[in-house]
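A structural walkthrough
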Amino acid sequence: MIEDSHWLPQPPALPPALLGFVTEPGSLTERLLATGHRFAVQPLSQGSTPAHADEPALLGIAPDQPLYARHVLLTLDEVPVVYARSIARLGCPVWQPILDRGSRSLGFTLFGGLPQLQRAALHYRQLDSSHPLYQASAAQADSLSARRCRFVLDDAPMVVCEVFLPALKDFAR
């Protein structure tokens, strides 16, 4: 993954139950399904959008170039527990059709449907209210734990950023 001094290879200090979700090495979708609660993906928006300051280098685009983004909430029993932003180059013929999936979880494709997919290591960050991912999550907390991962398929990069919302603690065991 492209280095960024704010996104670190080690997770933040969190209670063990939450740490398990944040550091899940496999599919977060599968981890959420395993809670036994009703899982759903709630699409928020999708399409061309400006890049956040820490994103262009991950996709190999210029800082002022727009990108393609999919924004969703992952819910358990209709309660938002994760806000996710998946980004790719605008017009990318590899990722745009994969990201255009409505309320179907991206995790099902990333962790099972693409054997040639390359996945980089997870990186973590505590977000404060000044970060655009925190702002987009609409959560009310002092800070939020986030992780991101870069995927490459047919030489095309895509990045998934997941922000863990305060309500997840109510489902974590």
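Refer to the preceding data block for the structure.
Everything quoted here is computed from the prediction, not taken from an experiment. (Residues numbered from 1 in each chain as written. Predicted model: local features only at pLDDT ≥ 70, side-chain atom pairs only at ≥ 80, totals over all residues. Heavy atoms only, no water.)

1. Notes on the overall build of the protein chain
A tally of helices and strands in the protein chain yields 6 helices and 7 strands. Along its sequence from the N terminus, the protein chain presents helices and strands in the succession α-α-β-α-β-β-α-α-β-β-α-β-β. By the compact-globule yardstick of 16 Å for 173 residues, the protein chain fits well, its C-alpha radius of gyration being 15 Å. Along the longest, intermediate and shortest principal axes, the C-alpha atoms of the protein chain span 40 × 35 × 25 Å. Of all 173 residues assigned to the protein chain, the portion counted as buried reaches 51%. Contacts spanning at least 24 positions in sequence make up 66% of the contacts within the protein chain whose residues lie at least 6 apart. (Helix = DSSP H or I, 4+ residues; strand = E, 2+ residues; numbered from the N terminus. Rg over C-alpha atoms; globule rule 2.2 N^0.38 Å. Buried < 20%, exposed > 50% of the residue type's maximum accessible area, 1.4 Å probe, protein only. Contact = heavy atoms within 4.5 Å.)

2. What about unusual backbone geometry?
If you check the backbone angles, glutamate 78 has positive phi at about 70° while not being a glycine. One can find glutamate 78 in the loop between strand S2 (67–76) and strand S3 (79–89). Given a relative accessible area of 64%, glutamate 78 falls into the exposed group. You will see that aspartate 154, though not glycine, has its phi angle at about 50°, which is positive. Within the secondary structure layout, aspartate 154 lies in the loop between strand S6 (144–153) and strand S7 (156–164). Overall, aspartate 154 belongs to the exposed group, its relative accessible area being 57%.

3. Topic: the pairing of S2
Counting buried positions along S2 gives 10 out of 10 residues, so the element sits mostly inside the fold. Examined bridge by bridge, strand S1 (residues 39–49) and S2 share 10 bridges and lie antiparallel to one another. The residue of S2 that forms the bridge with serine 48 is tyrosine 68. Pairing between S2 and S3: 10 bridges, direction antiparallel. (Pairing = 2+ DSSP bridges.)

4. Quick look at the pattern of salt bridges
Summed over the entire model, instances satisfying the criterion amount to 8 salt bridges. We note a salt bridge from aspartate 77 to arginine 38, for which the minimum N-O separation is 3.9 Å. With aspartate 77 in the loop between S2 and S3 and arginine 38 in the loop between helix H2 (28–33) and S1, the pair connects residues that are 39 residues apart, well separated along the chain. In this structure, lysine 169 engages aspartate 170 in a salt bridge whose closest nitrogen and oxygen atoms are separated by 3.7 Å. Taking relative accessible area as the criterion, aspartate 170 reaches 47% and is therefore assigned partly exposed. Among the charged side chains, a network of salt bridges with common partners joins Arg38, Asp77 and Glu78. (Salt bridge = Lys/Arg side-chain N within 4 Å of Asp/Glu carboxyl O.)

5. Quick look at the pairing of strand S5 (residues 123–127)
Most of S5 is tucked away: 4 of the 5 residues are buried. Looking at chain direction, S5 and S6 are connected through 5 bridges and run antiparallel. Residue arginine 125 lies in a different strand from S6, and its bridge partner there is alanine 146.

6. Observations regarding the nonpolar core
Within the largest apolar cluster, 37 residues are counted, with the highest numbers of intra-cluster contacts made by Leu32, Leu74, Val81, Trp95, Leu110, Phe151 and Met158. Every residue in contact with valine 81, bar those within four places of it in the chain, is listed here: Leu32, Leu74, Thr75, Leu76, Val163, Phe164, Leu165, Ala167, Leu168 and Phe171. (Core = buried A, V, L, I, M, F, W, Y, C linked by side-chain atoms within 4.5 Å.)

7. Some points on the side chain of threonine 109
If you trace the backbone, threonine 109 turns up in helix H5 (residues 106–110). A distance of 2.6 Å separates polar atoms of two side chains, one belonging to threonine 109 and the other to arginine 101. With near-sequence residues (within four places) excluded, threonine 109 lies in contact with Ile98, Arg101 and Leu114. (Polar contact = N/O pair within 3.5 Å; in protein donor to acceptor, adjacent residues only side chain to side chain.)

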